[in-house]
Amino acid sequence: MMNILLINGPNLNLLGTREPEIYGNKTLSDIEKDLTKVAKEKSINLECFQSNHEGEIVDKIQESVKSIQGILINAGAFTHTSISIRDALIGSKIPFVELHISNIFSREDFRKESFLTDKAIGIISGFGISSYSLALEGIIGYLSSKINAS
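Residues numbered from 1 in each chain as written. Predicted model: local features only at pLDDT ≥ 70, side-chain atom pairs only at ≥ 80, totals over all residues. Heavy atoms only, no water.

Things to note about the pattern of salt bridges
- Applying the stated criterion across every chain yields a total of 4 salt bridges.
- With its nearest N and O atoms 3.2 Å apart, the salt bridge here joins K42 to E137. On the criterion of sequence distance, the pair formed by K42 in the loop between helix 2 (28-41) and strand 2 (44-50) and E137 in helix 5 (residues 130-149) is long-range, its members being 95 residues apart.
- Overall, K42 belongs to the partly exposed group, its relative accessible area being 38%.
- Residue R86 is joined to D118 by a salt bridge in which the shortest nitrogen-to-oxygen separation is 2.6 Å. (Salt bridge = Lys/Arg side-chain N within 4 Å of Asp/Glu carboxyl O. Helix = DSSP H or I, 4+ residues; strand = E, 2+ residues; numbered from the N terminus. Buried < 20%, exposed > 50% of the residue type's maximum accessible area, 1.4 Å probe, protein only.)

A word on the environment of S102
- Position of S102 among the secondary structure elements: in the loop between strand 4 (96-100) and strand 5 (122-125).
- Each C-alpha atom of the pair S102 and S125 lies 6.0 Å from the other, and the pair is 23 residues apart in sequence.

This is the structure we're talking about:
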């Protein structure tokens with residue numbers, strides 16, 4: 001069975017109440033339940049993790065090296081600031097998809113810069129909560145093609 005890790009960064013635990021005009025009304029728990037259901041239907045094990053602390057995210061990535069085949073990451077504000085998360089992702093050699101609920105390229109200038117994009121296998125940005133399911137489809141397709149090519 002394929003194991004995928006979903007990582008959500010700082011303030012994503014506030015989804016459902018935080019700026020609903022940008023992020024929608026669904027909670028992180030709602031998103032995780034919906035995505036886990038979709039993953040299960042595809043015989044994928046999805047592990048969900050959220051932290052407001054950079055080091056905890058780095059630790060989670062490092063701990064996943066032997067058990068996780070792909071990562072979906074919405075690093076939140078750490079997208080624009082965290083070299084340590086970037087280095088953990090690179091060091092893990094686990095393929096990852098960067099995802100964002102909002103279109104980071106149409107927001108404030110500082111949000112247009114990502115420390116992750118150039119190392120991600122892909123980026124999904126601006127499709128609201130659907131960004132999560134699109135990212136899941138993307139990583140499954142990518143990993144499946146690698147398995148089939150072996």
